[in-house]
Amino acid sequence: MKLIFNLFRFSKKLIFNFLRFLKFQVKRLKHLKDSPHEIALGFAFGVWTNFNPFFGINIFIAMGLALLFRANMIASVIGVLITGLPFIFPFFWLISWYVGAKLLFDNYNQNFFADKTSLVENLAEYFTEMLVGSIILFPLIIIIFYFPIRFIVQAWQTNKKLRMEKKSEKNAIRNKY
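Quick caveat, the model's predicted, so the values are computed rather than measured. Residue indices begin from 1 for each chain and proceed along its sequence in written order. Local features are withheld for residues below a pLDDT of 70 in this predicted model, meaning they are given only at 70 or higher, and side-chain atom pairs are given and counted only at 80 or more; totals for whole chains, interfaces and linings count all residues. To get the side-chain values, all heavy atoms of the structure are used, and hydrogens and water are removed first.

> Describe the overall build of the chain, listing the residues and the values that go with them.
Across its full length, the chain holds seven helices and zero strands. Per the convention used, a helix needs a DSSP run of H or I reaching at least four residues, while a strand needs a run of E reaching at least two, with both numbered from the N terminus. Written out in order from the N terminus, the α and β elements of the chain read α-α-α-α-α-α-α. Three labels apply to residues, based on accessible area from a 1.4 Å probe with only protein chains included: buried if under 20% of the type maximum, exposed if over 50%, partly exposed otherwise in between. Scored against the burial criterion, the 177 residues of the chain give a buried share of 31%. Considering only intrachain contacts with a sequence separation of at least 6, the fraction spanning at least 24 residues in the chain is 72%. Only the protein chains shown count as cover for residues, and the accessible areas themselves come from Shrake-Rupley with a 1.4 Å probe. Summed over all atoms, the accessible surface of the chain reaches about 12400 Å², with 70% contributed by carbon and sulfur. In this analysis, two residues are considered to be in contact whenever any of their non-hydrogen atoms come within 4.5 Å of each other.

> Tell me about the packing of aromatic side chains, and please be specific about residues and values.
The description of an aromatic ring pair rests on the distance of the ring centres and on the angle between the ring planes. Side-chain rings of Phe, Tyr and Trp, where Trp is taken by its six-membered ring, are said to pair if the distance between their centres is within 6.5 Å; with planes under 30 degrees apart they count as stacked, over 60 as edge-to-face, and otherwise as tilted. Tallied over the entire structure, the rule returns eight aromatic pairs. When the centroid spacing of 5.8 Å and the interplanar angle of 85° are considered together, the rings of Phe55 and Trp93 count as edge-to-face. Linking Phe55 in the loop between helix H2 (36-49) and helix H3 (58-68) with Trp93 in helix H5 (residues 89-104), this pair joins segments that are 38 residues apart in sequence. The interplanar angle of 80° and the centroid separation of 5.0 Å between the aromatic rings of Tyr146 and Phe147 together place this pair among those described as edge-to-face. Taken together, the ring pairs connect Phe45, Trp48, Phe69 and Phe138 into an aromatic cluster.

> Break down the side chain of Ser134 for me, citing the residues and quoting the values.
Here Ser134 lies in helix H7 (residues 123-176). In this structure, Ser134 is in contact with Trp48, Phe51, Asn52, Pro53 and Ser96, ignoring residues within four places of it in sequence.

> Break down the nonpolar core for me, citing the residues and quoting the values.
We call a set of buried residues a nonpolar core when its members are Ala, Val, Leu, Ile, Met, Phe, Trp, Tyr or Cys and they connect through side-chain atoms within 4.5 Å of each other. Ranked by size, the top nonpolar core spans 25 residues in total, and within it Leu29, Phe43, Phe51 and Ile142 carry the most contacts. Where this core is concerned, the elements lending two or more residues are H2, H3, helix H4 (73-83), H5 and H7. When near neighbours in sequence (up to four residues on either side) are disregarded, Phe43 contacts Leu29, Ala75, Ser76, Ile78, Gly79, Ile82, Phe145 and Ile149.

> Can you break down H4 residue by residue, with the values?
Summarising burial for H4: eight of the eleven residues are buried, a large majority. What H4 keeps buried is the set Ala75, Ser76, Val77, Ile78, Gly79, Val80, Ile82 and Thr83. One side-chain oxygen at the N-terminal end of H4 lies 2.9 Å from the backbone nitrogen of Ile74; it belongs to Asn72. Polar contact is the term for a pair of N or O atoms within 3.5 Å; when the atoms are in protein, one must be able to donate a hydrogen and the other to accept it, and sequence-neighboring residues count only if both atoms are side-chain atoms.

> Lay out a nonpolar patch on the surface with the relevant residues and their values.
Here the term patch refers to residues with relative accessible area over 30% and no salt bridge, with like charges joined within 9 Å and nonpolar side chains (Val, Leu, Ile, Met, Phe, Trp, Tyr) within 5 Å. What counts as a salt bridge is simple: a side-chain nitrogen of Lys or Arg found within 4 Å of a carboxyl oxygen of Asp or Glu. Together, Phe54, Ile57, Phe60, Met63, Leu67, Met73 and Phe127 make up a nonpolar patch on the protein surface, roughly 630 Å² of accessible area in all. The biggest single contributor to the nonpolar patch is H3, with three residues. Mapped onto the elements, Met63 comes out in helix H3. You can call Met63 partly exposed: its relative accessible area is 30%.

> I'd love a proper account of the packing of H2 against H4, names of residues and values included.
Running from amino to carboxyl end, H2 crosses H4 at an angle of 40°, the nearest separation of the two axes being 6 Å. In terms of orientation, H2 lies oblique with respect to H4. Two packed elements cross with a definite hand, and for H2 against H4 that hand is right-handed. Contacts from Ile39, Gly42, Phe43, Gly46, Val47 and Thr49 in H2 reach Ala75, Ser76, Ile78, Gly79, Val80, Ile82 and Thr83 in H4. Simply put, an axis is a line fit to the C-alpha atoms, just over the touching stretch for a helix, and the angle between two N-to-C directions goes from 0 to 180 degrees. Small angles under 35 degrees read as roughly parallel and large ones over 145 as roughly antiparallel, with 65 to 115 read as roughly perpendicular and the rest as oblique. Helix crossings are classified by the rotation of the near helix relative to the far one: an anticlockwise turn of less than a right angle makes the crossing left-handed, while a clockwise turn makes it right-handed.

> So what's going on with H5? Residues and values would help.
One fewer than the residue count of a helix, multiplied by 1.5 Å, yields its expected span. For H5, which comprises 16 residues, the first-to-last C-alpha distance of 22 Å matches the rise-based estimate of 22 Å (1.5 Å per residue) to within 8%. Taken together, the buried positions of H5 are occupied by Phe89, Phe92, Ser96, Trp97, Val99, Gly100 and Ala101. Buried residues along H5 sit in contact with H4 and H7.

Structure (structure tokens):
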């Protein structure tokens, strides 16, 4: 019974920490000063880098793309951090591998998961399929994440501007008397 209670307490703590992490990243995204276009593009680049097979250098790739396309680098890092969680990016890799294997090489095999030596023997082939799949998915992922994030950031910035104007009007009235 004590083990179950400790497991429940641990999982509760883990979920709380995860939600706190997400809340902090969203707060960082809200306080960026660039245009909604630059922030959304940077975030979309960060999400896309989790689809490519270059594990460990995703942040540098996202920052390089953000620099190249004049997007927000901090937003690209936030995009990598939010979507690069250990229980999310394996699905991204599976999607990019499937697209690369099915569309270019037509090599999708149902027995892939049953064959134990398949991954080790054909590592270069699977890496190439994942890379090609992630490149094919690039425009789609950018579009899927760019427009909603741009809309959200634009709403945040508009609300912030309205609050600041309201506050300045209130201060002007207060200072008048």
